[in-house]
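What the coordinates show
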Amino acid sequence: MKMIRNRFSDTALRVGALATISYALNYSFQLVDIFWVARIGLGASTAIAVVSSILFLIFSANEIIGVGSLAMFSQSFGAKKLDQLSRIILQTLLLKLAVGVVTILLFPVAIFIALRYYGLTPIEMAYVREYASIIWVVLILLPFVTTLMTALRTTGQAVAPTVISILALVINAVLNPVLIFGWGSIPAMGVAGAAWATLVAEGFGVVVGVILLARNQVGLKVFRGRNFGWAPDLYWPLLTIGLPAAGVVVLYNSELAFLTALVASFPSAVSDGFGIGARIYGFLFFINVGLSLGVSVAVGQAIGAKDPKAVWDGITWVIAVILGALTLMSAALILLAPIIVSGFTSNPQSIDAAVTYLRFMAVANIGLGLMWMFIGVFEGAGCNGPSLRATTVMYLMFEFPVLVLLWISGAYNLYLIWIIVSITAWFGAFLIWRQFHAGSWASGLGDRLET
């Protein structure tokens, strides 16, 4: 394939770059939290890592609606069907609210299970309860925010989510030390303070996102009365498009939860190091998600405009740019990992564990980045079955069985675990590349958008 730069590639990289900045800023919440939480004491970082792994696993349920809506948003906008798009956006927000209520009910059950099987120390368990008792509200706020931001990005307003993310990060960064350690008449809240800082910042994003969507400049009328009410013609496409994609996210987050459980069996200093390293790597991984979203939007708009050839023509240029960016970032992480980690903890064991993890994941992330770029193609097309097949093979048929055997035998160490994870990442990139070249995605949603 020739390396051609066209409208598709420009849209994919422009939206992807802005989305990456937004995701990086949003994920900086996690880095700010762990920076201050690590100063509370031994075990606090482990507790945050445990709760976060469970939170993101449960949050995967929202991907059923989120990914389905992404394809429908972008293809409706590409086809210039603004009334249809307005209705889809509002119905997606209402469904996200309903799913959020269900996930809130699941969260305490998952935390109860974690406290029994994660092998936590009493102080780690206390920190888990303290943080989880507040952070559960994010299961409603975060899905709402992501849909608002996706709606803005897919309708040509990609700068707004970035500005919102910057302001929300500032709010979170200011509130974290104040609420964790106290200031003046504000009492010290410990790890609960980190949770409150996140909730306030996410709440700000919801309010501003709703205002901007209501005052959009492209002709959308999202909140008008006729868009409310029962809409079965939309629910089925959202579910059928989103279920496979949700399966992909569930598998990825299940890997994180399982790895957290494995590392929790090591001494607290080691598991704290992993908790810090996982938060730092998450920053790099969400760059993959941002770039994937840019590809999704561009693919959806191309298919909505009945021009899938633009994707075939421009994809090689997109791959080259993304591969170059990921390689540079991974190289920087390998070199700077000790310096970065030392900013979060001074414990030698924690630093060593975090640096080891980050260096392996820097290599793995290049493969994961390519994998998520192709997943973005399928998500934008609304054809997520191939993505689910690829991730099922890489996780359920390769990585999980190997890790379970190691766990049962007790013959595992951190190096061996991260080697297996790295091999899995590149294996997944190969599998999803093969699925892309099969070309099933090019037909898009077809008559499922004729609402």
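Notes on the structure in this doc start here. Computed from a predicted model, the values in this text were never measured in an experiment.

**Re the overall build of the protein chain**
Looking only at helices and strands, the protein chain has 14 helices and zero strands in total. The secondary structure elements of the protein chain, listed N-terminal to C-terminal, are α-α-α-α-α-α-α-α-α-α-α-α-α-α. Taken against the 2.2 N^0.38 rule, which gives 22 Å for 451 residues, the C-alpha radius of gyration of the protein chain at 21 Å falls within 12% of a compact globule. The dimensions of the protein chain, computed from C-alpha atoms along their principal axes, are 55 × 50 × 35 Å.

**Here's the deal with the packing of helix α10 (residues 268–304) against helix α11 (residues 309–342)**
At a closest axis distance of 10 Å, the pairing of α10 and α11 adopts a crossing angle of 170°. The angle between the axes of α10 and α11 places the two elements in the roughly antiparallel class. Only Val 311, Val 318, Ile 322, Leu 326, Met 329, Ser 330, Leu 333, Ile 340 and Val 341 of α11 make contact with α10, whose side of the interface consists of Ile 280, Leu 284, Ile 287, Asn 288, Leu 291, Val 295, Val 299 and Ala 302. Partitioning the contact of α10 with α11 into residue classes produces 15 nonpolar, two polar and no charged.

**Concerning helix α13 (residues 385–409)**
With 25 residues, α13 extends 34 Å from end C-alpha to end C-alpha; this agrees with the ideal 36 Å at 1.5 Å per step. Of all the bends in α13, the greatest, near 35°, is centred on Phe 400, and the proline Pro 401 appears no more than four residues after it. All buried positions along α13 are accounted for by Pro 386, Ser 387, Ala 390, Thr 391, Met 394, Tyr 395, Glu 399, Phe 400, Leu 403 and Leu 406. Taken together, the buried residues of α13 touch α9 (232–264), α12 (348–381) and α14 (414–438). Of the residues flanking the end of α13, it is Gly 410, one or two places downstream, whose phi is positive at about 75°.

**Digging into α11**
End to end, α11 covers 48 Å across 34 residues, agreeing with the expected 50 Å (1.5 Å per residue, within 8%). Maximum bend of α11: about 65°, positioned at Leu 336, with proline Pro 338 one to four residues after it. Of the positions making up α11, those classed as buried are Ala 310, Val 311, Gly 314, Ile 315, Thr 316, Val 318, Ile 322, Leu 326, Ser 330, Leu 333, Ala 337 and Val 341.

**Quick notes on the packing of aromatic side chains**
Taken as a whole and judged by the stated rule, the model has 22 aromatic pairs. Summarising the aromatic geometry, the rings of Tyr 252 and Trp 372 are spaced 6.3 Å apart at their centres and angled 80° between planes, so their arrangement reads as edge-to-face. Placement of Tyr 252 in helix α9 and of Trp 372 in helix α12 is noted, with a sequence separation of 120 residues between them. Take Tyr 252 and Trp 372: they sit in the same class, and that class is buried.

**Focus on the pattern of salt bridges**
Tallying each qualifying case throughout the model produces four salt bridges. Taking the shortest distance from any N to any O, the salt bridge between Asp 10 and Arg 5 comes out at 2.8 Å. Residue classification places Asp 10 among the partly exposed positions, given a relative accessible area of 32%. Here Lys 309 makes a salt bridge to Asp 313, at a shortest N to O gap of 2.8 Å. With Lys 309 and Asp 313 both in helix α11, this residue pair falls four residues apart, about one helical turn. Put simply, Asp 83, Arg 224 and Arg 226 are held in one network by salt bridges that share partners.

**Regarding the nonpolar core**
Soluble globular proteins tend to bury their nonpolar side chains together. Within the largest apolar cluster, 142 residues are counted, with the highest numbers of intra-cluster contacts made by Phe 8, Ile 89, Phe 107, Tyr 281 and Trp 418. Residues in contact with Tyr 281, not counting those within four places in the same chain, are Tyr 252, Asn 288, Tyr 357, Leu 358, Met 361, Asn 365 and Leu 368.

**Some details on the layout of surface pockets**
Gaps left between atoms show up when a probe the size of a water molecule is rolled over them. If you add up the space inside the largest pocket, you get close to 320 Å³. Every residue lining the largest pocket is counted, 13 residues in all, and those nearest its centre are Arg 7, Gly 78, Gln 301, Ala 302 and Ala 305. Of all the elements in the fold, those that place two or more residues in the lining of the largest pocket are α1 (7–37), α3 (63–78) and α10. The element best represented in the lining of the largest pocket is α1, accounting for four residues. Considering only residue class, the lining of the largest pocket consists of six nonpolar, three polar and four charged. Empty space within the second largest pocket amounts to approximately 260 Å³. Around the second largest pocket sit Ile 54, Leu 57, Ile 58, Ala 110, Ile 113, Ala 114, Tyr 117, Tyr 118, Ala 257, Phe 258, Ala 261 and Trp 407, which together line it. Those elements that place two or more of their residues in the lining of the second largest pocket are α2 (44–59), α4 (82–117) and α9. Grouping the constituent residues of the lining of the second largest pocket by class yields 12 nonpolar, no polar and no charged.

What counts as what
- Residues numbered from 1 in each chain as written.
- Predicted model: local features only at pLDDT ≥ 70, side-chain atom pairs only at ≥ 80, totals over all residues.
- Heavy atoms only, no water.
- Helix = DSSP H or I, 4+ residues; strand = E, 2+ residues; numbered from the N terminus.
- Rg over C-alpha atoms; globule rule 2.2 N^0.38 Å.
- Axes fitted to C-alpha atoms, helices over the stretch in contact; angles between N-to-C directions.
- Parallel < 35°, antiparallel > 145°, perpendicular 65-115°, else oblique.
- Contact = heavy atoms within 4.5 Å.
- Nonpolar A, V, L, I, M, F, W, Y, C, P; charged D, E, K, R; others polar.
- Expected span 1.5 Å × (residues − 1).
- Bend = angle between axes of the 7 residues up to and from the residue.
- Buried < 20%, exposed > 50% of the residue type's maximum accessible area, 1.4 Å probe, protein only.
- Phe/Tyr/Trp six-rings, centres within 6.5 Å; stacked < 30°, edge-to-face > 60°.
- Salt bridge = Lys/Arg side-chain N within 4 Å of Asp/Glu carboxyl O.
- Core = buried A, V, L, I, M, F, W, Y, C linked by side-chain atoms within 4.5 Å.
- 1 Å grid on protein atoms, 1.4 Å probe; cavity = no way out; pocket = protein on both sides within 12 Å on 5 of 7 lines; lining within 4 Å.
- Points joined across faces, edges and corners; volume = space filled by probe spheres on them.

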